[in-house]
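What follows is each chain in one-letter form.
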Amino acid sequence: MAYIEPIQSKSQSTAGKDILLFIAKDAKSQQYIIPNAQTTTGFSASANASSETTKQGTVSKTSAPEYTIPFEAQLTQDDVAIQLIKEALTKNTTLAIWLVYADPAHSVPINGTTKGYSADHAIVNVGEFSMKADSENSATISATFNVTGGLTSNTKLVGDTVTIDPELAFPVSDKVIEISKTMSAYVNPAEQTATKVKG
């Protein structure tokens, strides 16, 4: 049997800080909102498998996958995204969410300092929302979004290469990326106080 070289990515692992969550009131909105000081995001999917015995044998069935998107961030009083999440929860309305893989090494040029990135998109309901604060750490908010209608991606496999569909690339300016990296370097008040005391 002839040896065939396996397909293997030559890219570096994606850094967690390069995956950013963007929110909008609906999928048609062009006004994206990026929550401040994001600490955790991503998604999980699950599907139930079942089997049924028939006269012709066993029939296996798998349900459509159900997706959830967890999200955590440091609390910022004037964060528009947090207010948007609160209103969606109390009014029982949906939001549009994009998980953007904002790695400049994997982007397509759009114009000037704006690049197009790969992204997963979903319409969601707010399943859970909470705020936690104590005397030693910074206040944090957390939410769980339940995906309605599935998760879609703007990437596709061309031959053995994953490519971004240029027409669906998610636009983000270099300035936004830089601000997000600054926010990811956040130091909580307790650590700042401890440093000042030691000094």
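Residues numbered from 1 in each chain as written. Predicted model: local features only at pLDDT ≥ 70, side-chain atom pairs only at ≥ 80, totals over all residues. Heavy atoms only, no water.

(A) Region of the structure containing the layout of surface pockets. Counted as a void, the largest pocket has a volume near 580 Å³. What lines the largest pocket is a set of 20 residues, among which Ser9, Ser11, His106, Val162 and Thr163 lie closest to the centre. Secondary structure elements with two or more residues in the lining of the largest pocket: β9 (114–132) and β12 (161–164). Here the lining of the largest pocket gets four residues from one element, more than from any other, and that element is β12. Partitioned by chemical class, the residues of the lining of the largest pocket number five nonpolar, 11 polar and four charged. (1 Å grid on protein atoms, 1.4 Å probe; cavity = no way out; pocket = protein on both sides within 12 Å on 5 of 7 lines; lining within 4 Å. Points joined across faces, edges and corners; volume = space filled by probe spheres on them. Helix = DSSP H or I, 4+ residues; strand = E, 2+ residues; numbered from the N terminus. Nonpolar A, V, L, I, M, F, W, Y, C, P; charged D, E, K, R; others polar.)

(B) The arrangement of the pattern of salt bridges in detail. For the structure shown, the criterion picks out one salt bridge. With a closest N to O distance of 2.9 Å, Asp174 and Lys115 form a salt bridge. One end of the pair, Asp174, is in helix α2 (residues 174–184); the other, Lys115, is in strand β9, and 59 residues separate them in sequence. (Salt bridge = Lys/Arg side-chain N within 4 Å of Asp/Glu carboxyl O.)

(C) Structural context of unusual backbone geometry. Positive phi is not limited to glycine here, since Ala37 has a value of about 50 degrees. In this fold, Ala37 is placed in the loop between β1 (19–24) and β2 (38–41). You can call Ala37 buried: its relative accessible area is 5%. Not every positive phi belongs to a glycine, and Asn92 is a case in point at roughly 55 degrees. Within the secondary structure layout, Asn92 lies in the loop between α1 (80–91) and β7 (95–101). Residue classification places Asn92 among the exposed residues on the basis of a relative accessible area of 66%. (Buried < 20%, exposed > 50% of the residue type's maximum accessible area, 1.4 Å probe, protein only.)

(D) Focus on the confidence of the model for the chain. Summing up the model confidence of the chain, the mean pLDDT is 83 and the portion of residues at 70 or higher is 90%. By mean pLDDT, the top-scoring element of the chain is β7 (94), and the lowest-scoring one is helix α3 (residues 189–198) (39). Predicted confidence for residues 185–199 stays below pLDDT 50, and this span has eight contacts to residues more than four positions away or in other chains. (pLDDT = per-residue confidence, 0-100. Contact = heavy atoms within 4.5 Å.)

(E) Geometry of the side chain of Asp79. Examined against the element boundaries, Asp79 turns out to sit in the loop between β6 (66–74) and α1. Comment: no salt bridge for buried Asp79; closest opposite-charge side chain is Lys86, at 10 Å. Polar side-chain contacts of Asp79 include one of 3.0 Å to the backbone nitrogen of Ala81. (Lys, Arg positive; Asp, Glu negative; His and termini not counted. Polar contact = N/O pair within 3.5 Å; in protein donor to acceptor, adjacent residues only side chain to side chain.)

(F) Quick look at the side chain of Gln38. Positionally, Gln38 belongs in strand β2. Of note is the side chain of Gln38, whose polar atom sits 2.9 Å from the backbone nitrogen of Leu21. Leaving out residues up to four positions away in the same chain, Gln38 has contacts with Ile19, Leu20, Leu21, Phe71, Glu72 and Ala73.

(G) Representation of the pairing of strand β8 (residues 107–111) in the model. Pairing of β8 with β9, which is carried by four bridges, proceeds in the antiparallel orientation. If you follow Pro109 over to β9, its bridge partner there is Lys115. Hairpin connection of β8 to β9: two residues between the antiparallel strands, including Gly112 at a positive phi of 55 degrees. (Pairing = 2+ DSSP bridges.)

(H) α1, seen in detail. With 12 residues, α1 extends 16 Å between its outermost C-alpha atoms, agreeing within 8% with the 16 Å of an ideal straight helix rising 1.5 Å per residue. Residues of α1 that are buried include every one of Ala81, Ile82, Leu84, Ile85 and Ala88, and no others. Down the axis of α1, the buried side of the element spans an arc of 160 degrees, and every buried residue falls inside it. Among the exposed residues of α1, those oriented more than 90 degrees off its buried face are Val80, Thr90 and Lys91. Residues of α1 that are buried make contact with β1, β6, β7, β9 and β10 (140–153). Put simply, Asp79 is the residue that caps the front of α1, since its side-chain oxygen is 3.0 Å from the backbone nitrogen of Ala81. One or two residues past the end of α1 sits Asn92, with phi positive at roughly 55 degrees. (Expected span 1.5 Å × (residues − 1). Arc of directions from axis to C-beta.)

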